[in-house]
Amino acid sequence: MKHVIFDCDNTLGVKDCDVDDGLALLYLLGCEEVTVHGVTCTYGNNKLPVVYAQTEKLLKDIGRTDLTVKKGGESADTEQSPAGDYLAEMARKYKGELSILATGSLTNLKHAYYADEHFFENVKEIVLMGGITEPLIFEKKQMDELNFSCDPKATYLVLTKGNNVSVITGNNCLKVLFTKEEYQQRLGGQNNPMGEYILRETDYYFGYNEGDYGIHGFYNWDVIAAVYLVHPELFDDQKGTYCLSEEDLKTGFLRWAEDGQTNLNLPEIGEEAPFKNNIYETWFRVPVKGVCK
């Protein structure tokens, strides 16, 4: 059983904002081999109050208001937050057992280290969604990196001090595209309330991606990181050494170097079919007790 805290900038249901943090949370809640202890909210996709409100709404919708939800820092300039204190406390409580999935700015993990200098030693593993190894260029425009670049100091701290860090980069997410047609086919008409809920809450995101970037579907960025945390066998690990700097991380850039001082794993998705099947099947297993029924 994995003990997990999910640190995210969830904006599922907010117009013109990403849906994948919320979908990643639903994925975790559908995993029988995972205990989600809590959700810590950070900024990135939107301001912290919006992220916090949408996370509480999502949990209310599915009847999981029992989960702990903590507010993080509102900007990179902050040095303390309830989320950081909670992360440090839980890392002590589950020393050597706690897994952290982080899919937004990494300010809260910085706060946890400030609260307890042994935080990274206490954590079993950290899986991140963020960073780029080359530009993300789509049909209409280039997509900026929006996670690691939010707080380069925090990112540098996590990448260089974190224990057993794996990074799902924006580039490594591009192998698998979720098209609207397939999405509707797999989730609709299954007499499954979670499938219908996901369809309803994410429908706007296809138009957003098409209009802004010319992407004919969407990449499930944060869900991919969640899948790796639980089912690394669906990926091919790519371990290497990197020469990191806060300057590079202002754009989220991860610089590979043969003589780099930081060891990182940048996993790549394996076969597409079993990977996608796992996601859909896990979403269908999420217990539904709330208004989305």
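For clarity, every value in this text was computed on a predicted model and none was experimentally measured.

Caption draft 1: Focus on helix α2 (residues 48–61). With 14 residues, α2 should cover 20 Å at 1.5 Å per step; its first-to-last C-alpha distance of 20 Å lies within 8% of that length. Within α2 the residues assigned to the buried category are L48, V51, Y52, Q54, T55, L58, L59 and D61. On its buried face, α2 sits against β1 (2–8), α1 (20–30), β2 (34–41), β3 (68–71) and α8 (193–213). Of the residues flanking the end of α2, it is G63, one or two places downstream, whose phi is positive at about 75°.

Caption draft 2: Structural view of α1. Among the 11 residues that make up α1, 11 are buried, leaving the element largely enclosed by the rest of the structure. Looking at α1, one finds that the buried residues are D20, D21, G22, L23, A24, L25, L26, Y27, L28, L29 and G30.

Caption draft 3: Summary view of unusual backbone geometry. Of note, D16 is a non-glycine position whose phi angle comes to about 60°, a positive value. Looking at where D16 falls in the secondary structure, it is placed in the loop between β1 and α1. When its relative accessible area of 44% is taken as the criterion, D16 is described as partly exposed. One non-glycine residue, N191, lies in the positive phi region at around 55°.

Caption draft 4: How the structure looks around the pairing of strand β8 (residues 165–168). Judged by which residues are buried, β8 turns out to be covered on both faces: V165 and V167 on one side and S166 and I168 on the other are all buried. Where strand β5 (residues 125–129) and β8 come together, four bridges link them in parallel fashion. By the bridge assignment, M129 is partnered in β8 with I168.

Caption draft 5: Broad picture of the nonpolar core. Judged by nonpolar contacts, the single largest core of 67 residues is most densely connected at L23, L28, Y183, F235 and W283. If you tally residues by element for this core, the top one is helix α9 (residues 221–230), at nine residues. When neighbours within four sequence positions are excluded, F235 is seen to be in contact with I168, I224, V227, Y228, P267, E268, I269, G270 and F275. By size, the runner-up hydrophobic cluster in this structure holds 31 residues, among which are Y94, I100, L159 and L254.

Caption draft 6: Broad picture of the packing of aromatic side chains. If you walk through the whole model with that rule in mind, you get 17 aromatic pairs. With 5.2 Å between their ring centres and 70° between their planes, Y205 and F218 make a pair best called edge-to-face. Of the two residues, Y205 sits in helix α8 while F218 sits in the loop between α8 and α9, which places them 13 residues apart along the sequence. Pair check on accessibility: Y205 and F218 agree, each one buried. Among the aromatic residues, ring-to-ring pairing joins F178, Y183, Y204, Y205, F206, Y208, F218, Y280 and W283 into one connected group.

Rules and cut-offs
Think of each chain on its own: its residues are numbered from 1, step by step along the sequence as written. The predicted origin of the model limits local features to residues at a pLDDT of at least 70 and limits the giving and counting of side-chain atom pairs to 80 or more, whereas totals for whole chains, interfaces and linings rest on all residues. Values shown for side chains rest on all heavy atoms present in the structure; no hydrogens or waters enter the calculation. Every helix listed is a DSSP run of H or I at least four residues long, and every strand listed is a run of E at least two residues long, numbered separately from the N terminus. How far a helix is expected to stretch is found by multiplying one less than its residue total by 1.5 Å. The cut-offs for exposure are 20% and 50% of the maximum accessible area for each residue type, with area from a 1.4 Å probe on protein chains only; residues under the lower value are buried, those over the upper are exposed, and the others partly exposed. Here, two residues are considered to be in contact whenever any of their heavy atoms come within 4.5 Å of each other. At least two bridges found by DSSP between two strands is the condition for calling them paired. By convention a nonpolar core is built from buried Ala, Val, Leu, Ile, Met, Phe, Trp, Tyr and Cys residues, the set being connected through side-chain atoms within 4.5 Å. Only rings of Phe, Tyr and Trp enter the pairing, Trp through its six-membered ring, and a pair is recorded when the two centres are within 6.5 Å. The plane angle decides the type: under 30 degrees is stacked, over 60 is edge-to-face, the rest tilted.

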